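Here is how the chains run, residue by residue.
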Amino acid sequence: MNYNSKKDIINIIHNDNYKSVETAKELTEKLEKEGFIVSDTYDYKAKLNICIGGDGAFLRAVHNYGFPDIPFVGVNTGHLGFFQEISPDNLNDFVKSYVNGDYILEEIYLVEASICTRTSCIELIGVNEIVIKGIESKVIHLNVSIADNYLERFSGDGVIISTPTGSTAYNFSAGGSIIFPTLQVLQITPLAPISSKVYRSLTTSAIVHNDMTIKINPEYRDENSILIVVDGIQHKYDNIVEINLTMSDMTINKLTLNPNSFWSNLKDKFI
Ligand code: NAP
């Protein structure tokens, strides 16, 4: 138990839909009644970030506020809300648990890419995944190595490099495995791999240990045909020669009220 001080600042971040705005008002009242200082503009001295919306709203908040150390908890007013643990009907229980310190903090592992063009390297970080795909629906050819071992010349739509958290997102739709969130691994999942007499690509995903780097070298003719998509946000660079993907040293903290809820949540939201 780690009781929270009533004078702590709490950020409430919400999207503009009616349900989120109403939930934010209700939660602000409840927290202020307990003595917390609620900020609706982002305060970097806050003790907690409460993100109201769906998983998409949570992803945008993490990116917009620069992967902060302040833990996140989510209230689901969105569509799926796989991350978003609190229901708008359960605000009283949440406030009570938070006041009593009745929760744990879980680390969310992130994926990091170093994208090297002929002139410089750029770093990008994703919560769910980093996708490497062709522009304008082109087939791309990627030379893939893992831990300095050459694996394959991939041909197809692209590859997803997913975190454990992202394993239930795009990765899952592309046939990748669901990974328990505390496992420190990345997953490389093919998007429409071509496996024919002309091209030979792995058709299943592979799970990669967190101390291994996934290296991707686009073929020369594809250097200008690559899109990098980080948690749904597109980035385009010319002359990409190499992309190195690893698990980031940085993590995000998520406040969890029920640590044993992953499998029941999965069943509720997906089956
Ligand atoms: P978005 O509309 O924000 O999200 C698409 C759907 O993915 C929403 O239903 C969202 O839940 C859900 N989602 C996001 N993260 C999830 C997670 N970790 N586990 C389970 N479901 C999750 O779409 P976007 O802005 O383009 O991109 C955001 C994310 O969408 C990406 O990171 C990617 O993983 C996913 N995506 C999926 C596909 C696909 O499945 N074919 C294609 C592109 C992107 P909420 O409804 O609660 O927001």
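Conventions used here
- Residues numbered from 1 in each chain as written.
- Predicted model: local features only at pLDDT ≥ 70, side-chain atom pairs only at ≥ 80, totals over all residues.
- Heavy atoms only, no water.
- Helix = DSSP H or I, 4+ residues; strand = E, 2+ residues; numbered from the N terminus.
- Rg over C-alpha atoms; globule rule 2.2 N^0.38 Å.
- Buried < 20%, exposed > 50% of the residue type's maximum accessible area, 1.4 Å probe, protein only.
- Contact = heavy atoms within 4.5 Å.
- Areas by Shrake-Rupley, 256 points an atom, 1.4 Å probe, with all protein chains shown as cover.
- Lys, Arg positive; Asp, Glu negative; His and termini not counted.
- Charge placed at Lys NZ, Arg CZ, Asp CG, Glu CD.
- Disulfide = S-S within 2.5 Å.
- Near = heavy atom within 4 Å.
- Polar contact = N/O pair within 3.5 Å; in protein donor to acceptor, adjacent residues only side chain to side chain.
- Nonpolar A, V, L, I, M, F, W, Y, C, P; charged D, E, K, R; others polar.
- Domains from an automatic or database assignment.
- Core = buried A, V, L, I, M, F, W, Y, C linked by side-chain atoms within 4.5 Å.
- Buried area = accessible area lost by both parts, 1.4 Å probe.
- Salt bridge = Lys/Arg side-chain N within 4 Å of Asp/Glu carboxyl O.
- Pairing = 2+ DSSP bridges.

On to the overall build of the protein chain, then. Within the protein chain, the regular secondary structure consists of five helices and 15 strands. Relative to a compact globule of 271 residues, whose C-alpha radius of gyration would be 18 Å, the protein chain shows 20 Å and is just as compact. When each of the 271 residues of the protein chain is scored for burial, the buried share is 51%. Expressed as a percentage of contacts within the protein chain between residues at least 6 apart in sequence, the contacts between residues at least 24 apart total 70%. When the accessible surface of the protein chain is split by element, carbon and sulfur atoms take 49% of a total near 13,200 Å². Taking the 22 positively charged and 33 negatively charged side chains of the protein chain as two groups, their mean positions are separated by 4 Å.

Applying the stated criterion across every chain, the model contains one disulfide. C116 shares a disulfide with C121; S-S distance 2.1 Å. Linking C116 and C121, the disulfide has an S-S dihedral of approximately 105° and is accordingly described as right-handed.

Around the ligand, the surrounding shell holds 19 residues, and the nearest of these are D55, G81, E129, T168 and S173. Note that an oxygen atom of the ligand is positioned 2.7 Å from one of the backbone N or O atoms of G81. One of the backbone nitrogen or oxygen atoms of T165 is found 3.1 Å away from a nitrogen atom of the ligand. Only α2 (55–64) and α4 (170–173) provide two or more residues apiece to the shell around the ligand. The dominant element in the shell around the ligand, judged by the number of residues it contributes, is α2, at three residues. Of the residues in the shell around the ligand, the class split is seven nonpolar, nine polar and three charged. Composition of the shell around the ligand by domain shows at least three residues from each of domain 1 (9–102) and domain 2 (110–250).

It is worth spelling out the environment of E112 at this point. Tracing the sequence through the fold places E112 in strand β5 (residues 104–117). Through-space distance from the C-alpha of E112 to that of I130 is 8.0 Å; in sequence the pair is 18 residues apart. Leaving out residues up to four positions away in the same chain, E112 has contacts with E123, L124, I125, I130, N244, L245, T246, S248 and D249. Side-chain polar atoms of E112 contact the side chain of S248, separated by 3.0 Å.

Of all hydrophobic cores here, the largest spans 27 residues; its most connected members are I216, I228 and L245. L245 has contacts with V111, E112, A113, I130, I132, I161, M212, T213, I214 and I216, leaving out every residue within four places of it along the chain. Membership of the second largest hydrophobic core comes to 20 residues, among which are L27, I50, Y98 and L255.

Okay, the domain arrangement of the protein chain next. Domain annotation for the protein chain reports domain 1 (9–102) and domain 2 (110–250). Inter-centroid distance (C-alpha atoms) of domain 1 to domain 2 is 32 Å. With seven residues of domain 1 at the interface, the matching set in domain 2 holds nine residues. Summed over both partners, the interface of domain 1 with domain 2 comes to about 670 Å²; 80% of that surface belongs to carbon and sulfur atoms. Of all residues in domain 1, L59, H63 and F67 bury the most surface against domain 2, accounting for 65% of the area lost on that side. At the surface where domain 1 touches domain 2, the tally comes to zero salt bridges. The tally of links from domain 1 across to domain 2 stands at one residue pair in polar contact (both at pLDDT 80 or more). Considered class by class, the residues forming the side of domain 1 that touches domain 2 number six nonpolar, one polar and no charged.

What follows concerns the pairing of β5. The buried fraction of β5 is high, at 10 of 14 residues. In this sheet, strand β15 (residues 240–256) lies alongside β5 in antiparallel orientation, the contact comprising 13 bridges. The residue of β15 that forms the bridge with S114 is N244. Direction of pairing for β5 relative to strand β6 (residues 121–126): antiparallel, over a ladder of six bridges. Bridge pairing links A113 to L124 in β6. Between β5 and β6, which follow one another and run antiparallel, lie three residues.

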